[in-house]
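Here is what each chain is made of, one letter per residue.
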Amino acid sequence: MSSSGNFVHRRLLLQLGKSLYVHTPTSKQSSQKRLISTTSRCMNIMPAWVIDKYGNNDILRFTRNARFPIINYPNEVIVKVFAAGLNPFDVRMRGGYGAATLAVKRDPLNFRQAGMEFPLILGRDVSGVIMECGLDVKYFRERDEVWAAIPPWKQGSLAEFVVLSANEISHKPKSLSHIEAASIPYVATTAWSALVNTGGLNKENSANKRILILGGSGGVGTFAIQMLKAWGAHVTVTCSQNAERFVRELGADHVVDYTAGPVEEPLSKLEKFDLILDNVGGDTERWALGLLKPWSGAKYVTLVTPFLQNTDRLGIADGMMQTAATVATKALKHLVKGVHYRWGFFAPSGPALDEVRDMVDAGQIRAVVEETFTFSQVPQAFEKVEKGHARGKTVVQISKGGS
C-alpha cells in the first residue's frame, strides 16, 4: 500500500467515534454496512511507549512506529485503547522482573533469540473499544466498550491499539468512564484470583467471615475491601494513619496503623481470622499465620511470592524446583498447626470481570483513581507509581473520547 493510502486508512480508523462505515453493494442492488477493517493491510504502525531493554525510567521511549497488532487467532479482538492503568508490577517489569518466565511463555519451544520481546509495550490495564473481532468471537462485536487485564507475556496498553483474546475481556461497566474503568481490571482479577480461586470465598459463603488485609490502601487492597464488604464479610485492614479515613470510606470495619509500632501486637488482641490476604510480604509470614482460626479451614494467601525471582535467578527448571520445594515446605509446616498456607497470583479473566462489572454498576464497588496523566506523560506516571504509598490507581489517558 502506498504511504498516502496508508495515511488515509489511519485517519479513517481514528474516527471510530464518528461511526464511519463503508458500503458494499449486494446482488440485490441494496447496501450492507460493514465496519472498516483494522488488519495489517490497512494499518502498519501506531503510537506507543516502548522499552528496548530492561532498566530504569530512562529507557522509556515514545515512538510513532510501533508495530500495529494483528489478529493471529480466531478468538482474538483488536481494541482501541482509551485509557491504561499502571501498577507496581509494570515498574518491576520495566526492570526485568519475571523476564525468564515470561520469555518461556511467549516462546515455549525457544525458537526465538534472547531479547526478541523488544520493543516491549508495558501496561496491564486497558479500557477501550473493540475495532475488529476474529471469526470465532461471538459474545462481542465491533464498537463494544470493553475493559481487560492484559497478561504480562502480551504487549501492553500503553499504545493506541492492543490485541487480546475474547476470554480476557469483558464489557465495560456502563457507570464508569474509560479512565475510571482502567483503574480496576488488574487489581480486580488479582484480588479475585487470591480471594476466590485460592481463598475459596464467594458471595454465598463470605457473610460474617473475618478477613484481614495486610496493606489495604493500595490497588489490590482497596478493591478487596469493597468486594468483601459487598459480600457481607467483616474486614480488618493494616495501613498508615493518614490512609485510615480512606480505607474506612471504602468499608473497612477495623483499621490498624502500621506506623504506630509492630502491627502483630494490636492484631493479636483481636478475634482470630478466617482468611488473611497479604499484600506486604517480608517477615509477615513469621507472625501472621498465628492470627488465623486453627482447624477451621482458615487460609493465609500471600501475593508476595519468590516464584519469578527464583526463575530469574536460577533459570526456569531450577527456579521451579526451588519454588515447589519452598511452597510445599511452608504449606506442610503450617498445615500441622491447623491452618492453610497458599500463594496467590494474578490471573486474567473476562468472566471474573463480568462479575465485577455487575458489582460496579450496582454501586457496590467504585473506581479509586488517585491521579491521571496524558499519553505524553507516561514517564511521569511511572515515577508516580514507583514512589509507592498509593491511595488508589494511576491512569494514563491514551485517547480522548469514547464516552
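Residues numbered from 1 in each chain as written. Predicted model: local features only at pLDDT ≥ 70, side-chain atom pairs only at ≥ 80, totals over all residues. Heavy atoms only, no water.

Participant: Is there a simple way to explain the overall build of the protein in this structure?
Facilitator: Counting secondary structure elements, the protein contains 13 helices and 17 strands. Here the protein holds 403 residues, and 52% of them are scored as buried. The contacts in the protein between residues at least 6 apart in sequence include a share of 71% that link residues at least 24 apart. As displayed, the protein has an accessible area near 19,100 Å², and 53% of this comes from carbon and sulfur atoms. (Helix = DSSP H or I, 4+ residues; strand = E, 2+ residues; numbered from the N terminus. Buried < 20%, exposed > 50% of the residue type's maximum accessible area, 1.4 Å probe, protein only. Contact = heavy atoms within 4.5 Å. Areas by Shrake-Rupley, 256 points an atom, 1.4 Å probe, with all protein chains shown as cover.)

Participant: Quick question: what am I supposed to make of the pairing of strand β7 (residues 145-149) here?
Facilitator: Remember that side chains alternate between the two faces of the sheet whenever the strand is regular. The buried fraction of β7 is high, at 4 of 5 residues. Relative to β7, strand β6 (residues 125-133) runs antiparallel, the two being bridged by 5 bridges. Within the sheet, the bridge partner assigned to V126 lies in β7 and is A148. In the sheet, β7 pairs with strand β9 (residues 169-171) via 3 bridges, with the strands oriented antiparallel. Paired with V146 across the bridge in β9 is H171. (Pairing = 2+ DSSP bridges.)

Participant: Any chance you could explain the pattern of salt bridges here in plain terms?
Facilitator: Opposite charge on two side chains permits pairing when their charged atoms draw close. Following the criterion strictly, the structure yields 18 salt bridges and no others. Across the pair R286 and E264 runs a salt bridge, and its minimum N-O distance is 3.8 Å. Note that R286 is positioned in helix α9 (residues 284-288) and E264 in helix α8 (residues 264-268), a separation of 22 residues in sequence. Its relative accessible area of 23% is what places E264 among the partly exposed residues. Taken together, the salt bridges that share partners define one network made up of E264, D283 and R286. (Salt bridge = Lys/Arg side-chain N within 4 Å of Asp/Glu carboxyl O.)

Participant: Looking at this structure, I do not really get helix α10 (residues 307-314). What am I missing?
Facilitator: Every α-helical turn comprises 3.6 residues, leaving residues that sit three or four positions apart pointing alike. For α10, the set of buried residues is L308, N310 and T311. Each buried residue of α10 lies within a common arc of 160° when the element is viewed along its axis, so the set occupies one face. Buried residues belonging to α10 abut α2 (88-94), α3 (99-106) and α11 (316-335). Taken from the residues just after α10, G315 is the one with a positive phi, measuring 95°. (Arc of directions from axis to C-beta.)

Participant: Help me understand the packing of aromatic side chains, please; the structure alone is not making it clear to me.
Facilitator: Aromatic rings in a pair are described by how distant their centres are and how their planes are angled relative to each other. Taken as a whole and judged by the stated rule, the model has 12 aromatic pairs. Both rings, one in F89 and one in Y97, keep their centres 6.1 Å apart while their planes meet at 80°; by these two values the pair is edge-to-face. According to the relative accessible area criterion, F89 is buried, its value standing at 14%. Each residue in the set F89, Y97, Y186 and F346 is aromatic and connected to the rest through ring pairs, giving one cluster. (Phe/Tyr/Trp six-rings, centres within 6.5 Å; stacked < 30°, edge-to-face > 60°.)

Participant: Whenever I open this one, the environment of I225 confuses me. Can you help?
Facilitator: With respect to the element layout, I225 can be found in helix α6 (residues 219-230). C-alpha separation for the pair I225 and V247, spaced 22 residues apart in sequence, amounts to 7.9 Å. When residues no more than four places from it in sequence are discounted, the contact partners of I225 are I213, G216, V235, V237, V247, L250, G251 and A252.

Participant: Would you take a moment to explain the packing of α3 against α10 for this structure?
Facilitator: Packed helix pairs are characterised by how far apart their axes lie and by the angle those axes make with each other. Interaxial distance between α3 and α10 falls to 7 Å at its minimum, and their mutual angle equals 90°. Put simply, α3 runs roughly perpendicular to α10. Packed against α3, whose contacting residues are A99, A100 and T101, the element α10 presents F307, L308, T311 and D312 at the interface. Split by residue class, the contact of α3 with α10 holds 4 nonpolar, 2 polar and 1 charged. (Axes fitted to C-alpha atoms, helices over the stretch in contact; angles between N-to-C directions. Parallel < 35°, antiparallel > 145°, perpendicular 65-115°, else oblique. Nonpolar A, V, L, I, M, F, W, Y, C, P; charged D, E, K, R; others polar.)

Participant: Quick question: what am I supposed to make of the environment of R357 here?
Facilitator: With respect to the helices and strands, R357 occurs in helix α12 (residues 350-361). Along the backbone, R357 and K172 are 185 residues apart, and their C-alpha atoms lie at a distance of 6.8 Å.

Participant: Sorry, what's going on with the confidence of the model for the protein here?
Facilitator: Any residue range with low pLDDT should be treated as having predicted coordinates unsuitable for detailed reading. Of all residues in the protein, 89% attain a pLDDT of 70 or more, and the chain-wide mean is 88. Here residues 1-41 is modelled with pLDDT under 50, and outside its nearest four sequence neighbours on either side it reaches 57 contacts, counting other chains as well. (pLDDT = per-residue confidence, 0-100.)

Participant: What is the right way to read a nonpolar patch on the surface from this model?
Facilitator: Residues L332, L335 and V336 make up a contiguous nonpolar surface patch of about 300 Å² in total accessible area. Relative to the helices and strands, L332 is located in helix α11. (Patch = residues over 30% accessible without salt bridge, like charges linked within 9 Å, V, L, I, M, F, W, Y side chains within 5 Å.)

Participant: How should the nonpolar core be read in this particular structure?
Facilitator: Buried together is how nonpolar side chains tend to be arranged in soluble globular proteins. Counting 94 residues, the largest nonpolar core has L158, I184, F223 and V396 as the members making the most contacts within it. Here the element with the most residues in this core is helix α5 (residues 185-198); it accounts for 8 residues. Among all residues touching I184, those that are not within four sequence positions of it are D125, W147, L176, F223, V356, V360 and A367. Counting residues in hydrophobic clusters, the runner-up holds 17 residues, among them V263, I276, L289 and L291. (Core = buried A, V, L, I, M, F, W, Y, C linked by side-chain atoms within 4.5 Å.)

Participant: What am I meant to see in the environment of D253 here?
Facilitator: Tracing the sequence through the fold places D253 in the loop between α7 (244-249) and β12 (254-257). Residues D253 and T236 lie 17 residues apart in sequence; the distance between their C-alpha atoms is 5.8 Å. A distance of 2.8 Å separates the side chain of D253 from the side chain of K229, its partner in a polar contact. There is a polar contact of 2.8 Å between the side chain of D253 and the backbone nitrogen of V235. (Polar contact = N/O pair within 3.5 Å; in protein donor to acceptor, adjacent residues only side chain to side chain.)

Participant: Whenever I open this one, the pairing of strand β16 (residues 369-374) confuses me. Can you help?
Facilitator: Bridge count for β16 against strand β17 (residues 393-397) is 5 bridges, and the pairing is parallel. Each bridged residue has a counterpart across the sheet, and for T374 the counterpart in β17 is Q397. As for the winding sense of the linkage, the β-α-β connection from β16 through helix α13 (residues 378-387) to β17 is right-handed. (Right-handed = clockwise from strand over helix to strand, strands pointing away.)

Participant: Help me understand the sheet that holds strand β15 (residues 340-343) in this model?
Facilitator: Paired through backbone hydrogen bonds, the strands of a sheet run either parallel or antiparallel to each other. Read from one edge to the other, the open sheet built from 6 strands follows the order β12-β11-β10-β13-β14-β15, with strand pairing classed as parallel. Two strands close off the open sheet at either side, each with one partner strand: β12 and β15. Put simply, the sheet's adjacent strands are angled 15° from each other on average, direction ignored. Relative to β12, strand β11 (residues 234-239) runs parallel, the two being bridged by 4 bridges. Looking at β12, one finds that T238 is bridged to V256.

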